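Observations on the model geometry
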Amino acid sequence: MINVIVGADISTQSNRDVVDAEFCKTLLRDMTPVTDKADFRIANLENVLCEEGTGEPIIKSGPNLYGLPKNVAFLNELKVDCAVLANNHFGDYGEEAIVSTLDILKENNIAKIGGGMNKKEAYAAWYAEKDGIKISFIAVCENEFGCATDNTAGSAGFDMKLLRDRIVEEKGKADFVVVIFHGGNEHDPVPSPAVIDRYRLLIDFGADALVGMHTHCMQGFETYEGKPIIYSMGNLFFRKLSEAMPEQNPWNYGYLTELHFEKGKNITFDVIPYALIDDDKWLHVLEGDARDRILAYLDKISAIIQDRKEINRLYDAWCVSSGVGYARALSYKPEFEMEELTPEIRKLLAPQRNRFSCEAHNHLVTNFLRLVFDGRIEEAKAAVADLNALKVLPY
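Structural notes, computed from the coordinates. Since the structure is predicted, the reported quantities are computational estimates derived from the model, not experimental observations. Residue positions are given per chain, counting from 1 as you read along its sequence in written order. Given that this is a predicted model, residues contribute local features only at a pLDDT of at least 70 and side-chain atom pairs are listed and counted only at 80 or more, while totals for whole chains, interfaces and linings are drawn from all residues. Working from all heavy atoms in the structure, the side-chain values ignore hydrogens and water.

1. Structural notes on the packing of helix H10 (residues 343-357) against helix H11 (residues 359-373)
Using the following cut-off: Orientation is described by axes fitted as lines to C-alpha atoms, over the contacting stretch for helices, and by angles from 0 to 180 degrees between their N-to-C directions. What counts as a helix is a DSSP run of H or I of at least four residues, what counts as a strand is a run of E of at least two, and both are numbered from the N terminus. By the definition adopted for this analysis, an angle is roughly parallel if under 35 degrees, roughly antiparallel if over 145, roughly perpendicular if from 65 to 115, and oblique otherwise. Residue contacts follow a heavy-atom distance rule, with two residues in contact if any of their heavy atoms lie within 4.5 Å. Gly falls in the polar group here, along with every residue not listed as nonpolar (Ala, Val, Leu, Ile, Met, Phe, Trp, Tyr, Cys, Pro) or charged (Asp, Glu, Lys, Arg).
Between H10 and H11, the shortest axis-to-axis distance is 5 Å and the interhelical angle comes to 85 degrees. Looking at the two axes, H10 sits roughly perpendicular to H11. Side by side, H10 and H11 meet where Asn 354, Arg 355, Phe 356 and Ser 357 of the first sit next to Glu 359, His 361, Asn 362 and Val 365 of the second. Residue composition of the contact of H10 with H11, by class: two nonpolar, four polar and two charged.

Next up, the structure:
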């Protein structure tokens, strides 16, 4: 059997000055005994690593994130074998910062997936091989900003046909194919109908497991056609830019996914919940009653995934909670048609672009406007309290 641990979002943006080898030994003192037992370790690096002043922040909606080269200590302390770069921040400071990140990973003998100097490289697989078992990992993200093209560096933006073709190709090279997907609605504890359909379809295409992340809160999981789908694991270490956050905030909770591979059998998995406590200085692996409460919560939100009617009801509630702000911002200006857009105009256009190019935002706006058009706003609002109740963790 091969055991692979997958961890979610890591950003050192707000702690970059202090995240070094010594800091990480303290922060991860609970984690390393767990990750050391795995045969391989994978985690999502959600910022570039570069010296201050490297590159220029790209124009986008949302923050531009970067960490310092010394922050690679976080990955080294966990003995991460492969860093996932398929996310909405890998391209935040342009090609120069991307090159810096790739160089730092290479210098530290850390492989990468989901990002590169062009789209082909970003879609390349990483292989974990031991005891005659070969596993192929592919990573992609929703199409926000900083995605690679045929000729430019960035992350592996989701392309259904390309991803299907890559899954089929990798099935001919490896015993197992695992897709890591960075997407979904941030802060929503239940995946959207579109995300559920997409992840299941990727299993239908031949993936043996799918591991999701990005939402900054824990979502549930399921076994579909005998194969695991992990919808989102919450944050691993991603200190929110607005500080003064209580320890009980869902932002501070998450879980590792441990995938178990045996030749000729379906992949099985375990989840390992943790919490960030003690002023960001301790990622505490939960035990006893605290662990049991979080696992019971995960079972509760996972059960909802099997009830399509309830998924639709809660997603409608999410859309009326979040969609108003998105819809109000929709506007088109004549200035957008200028032959060469100024930086100021591009900044105005960026949120509009993101509402349509990002799959999660597109689906949210589309469903919200459908609710408005069909006169179902009040009906959807009736489920908001139930949705909000699912955001409350059993502390």
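2. Observations concerning helix H8 (residues 288-304)
To keep it simple, the criterion reads: To estimate the expected span of a helix, subtract one from its residue number and multiply by 1.5 Å. Relative accessibility decides the category of a residue: with a 1.4 Å probe and only protein chains considered, values under 20% of the type maximum give buried, values over 50% give exposed, and everything between is partly exposed.
Taking 1.5 Å per residue, 17 residues should reach 24 Å; H8 reaches 25 Å between its end C-alpha atoms and fits that length. All of the buried residues in H8 are Ile 294, Leu 295, Tyr 297, Leu 298, Ile 301, Ser 302 and Ile 304. Each element contacted by the buried residues of H8 is listed here: strand S13 (221-224), strand S16 (253-261), strand S17 (268-277), helix H9 (308-328) and helix H13 (384-390).

3. Focus: the environment of Val 177
Following the sequence through the fold, Val 177 ends up in strand S11 (residues 176-182). Classification of Val 177 as buried rests on a relative accessible area of 0%. Along the sequence, Val 177 and Arg 166 sit eleven residues apart, while their C-alpha atoms lie 9.7 Å from each other. Among all residues touching Val 177, those that are not within four sequence positions of it are Ser 136, Ile 138, Ile 167, Glu 170, Lys 171, Ala 207, Asp 208 and Ala 209.

4. Considerations on the packing of aromatic side chains
In this description, an aromatic ring pair is defined by two values, namely the gap between the centres and the angle between the planes. Operational definition: Here the aromatic set is Phe, Tyr and Trp, taking the six-membered ring for Trp, and pairing holds for ring centres within 6.5 Å; pairs whose planes are under 30 degrees apart are stacked, those over 60 apart are edge-to-face, and all others are tilted. The rule is short: NZ of Lys or CZ of Arg within 6 Å of the ring centre and within 35 degrees of the ring normal puts a charge over the ring.
This structure, assessed with the given rule, holds twelve aromatic pairs. In textbook terms, an aromatic cluster arises when at least three aromatic residues are bridged by ring pairs, as seen for Phe 158, Phe 181, Tyr 199 and Tyr 231. We note Arg 29 situated over the ring of Trp 282; from NZ or CZ to the ring centre the distance is 4.4 Å.

5. Details of unusual backbone geometry
In this structure, Lys 79 is a non-glycine residue whose phi angle is positive, near 55 degrees. You can see Lys 79 is positioned in the loop between helix H3 (73-77) and strand S5 (82-84). Of the residues examined, Lys 79 reaches a relative accessible area of 44% and is grouped as partly exposed.

6. Overview of the sheet that holds strand S8 (residues 126-130)
So the rule is basically this: Pairing between two strands requires that DSSP report at least two bridges joining them.
Overall, mixed pairing links the six strands, which are arranged S8-S9-S11-S12-S14-S13 in an open sheet. Looking along the sheet, the strands with just one partner apiece sit at the ends: S8 and S13. Ignoring which end each strand starts from, the neighbouring axes of this sheet average 20 degrees apart. Where strand S9 (residues 133-141) meets S11, seven bridges bridge the pair, whose relative direction is parallel. Across the sheet, the residue bridging to Ser 136 is Val 177, located in S11. Its contacts with the sheet place helix H6 (residues 160-171) against S8, S9 and S11, and it is angled at close to 170 degrees to S9.

7. With respect to H9
The first and last C-alpha atoms of H9 sit 29 Å apart over 21 residues, in line with the 30 Å expected at 1.5 Å per residue. When H9 is considered as a whole, its buried residues turn out to be Ile 311, Leu 314, Tyr 315, Asp 316, Ala 317, Trp 318, Cys 319, Val 320, Ser 322, Gly 323 and Ala 327. Its buried side turned inward, H9 meets helix H7 (193-204), H8, H11, helix H12 (377-381) and H13.

8. Notes on the packing of H6 against H7
It is at 10 Å that the axes of H6 and H7 come closest, and there the two elements cross at 35 degrees. Contacts between H6 and H7 pair Met 160, Leu 163 and Ile 167 from the former with Arg 198, Leu 201 and Leu 202 from the latter. Across the contact of H6 with H7, the residue classes break down as five nonpolar, no polar and one charged.

9. Section: the side chain of Glu 144
Filter applied, for reference: When charges are counted, Lys and Arg contribute as positive and Asp and Glu as negative, whereas His and the chain ends are disregarded. We define a salt bridge as a side-chain nitrogen of Lys or Arg found within 4 Å of a carboxyl oxygen belonging to Asp or Glu. Identification of polar contacts relies on pairs of N or O atoms within 3.5 Å, with a donor-acceptor requirement for protein atoms, meaning one able to donate a hydrogen and the other able to accept it, and with residues adjacent in sequence counted only if both atoms are side-chain atoms.
Among the structural elements, Glu 144 can be located in the loop between S9 and strand S10 (154-155). Buried Glu 144, no salt bridge; nearest opposite-charge side chain is Lys 60, N-O distance 6.5 Å. Reaching out from Glu 144, the side chain makes a polar contact with the side chain of Asn 354 at a distance of 3.1 Å. Those residues within four positions of Glu 144 in sequence are excluded, and the remaining contacts are Asn 88, His 214, Arg 353, Asn 354, Ser 357, Cys 358 and His 361.

10. As for the pattern of salt bridges
Evaluated as defined, the whole model comprises 26 salt bridges. A salt bridge links Arg 313 to Glu 310, with the nearest nitrogen and oxygen atoms 2.9 Å apart. You can see Arg 313 and its partner Glu 310 sitting in helix H9, three residues apart, about one turn around the helix. Arg 313 sits in the partly exposed class, given a relative accessible area of 31%.

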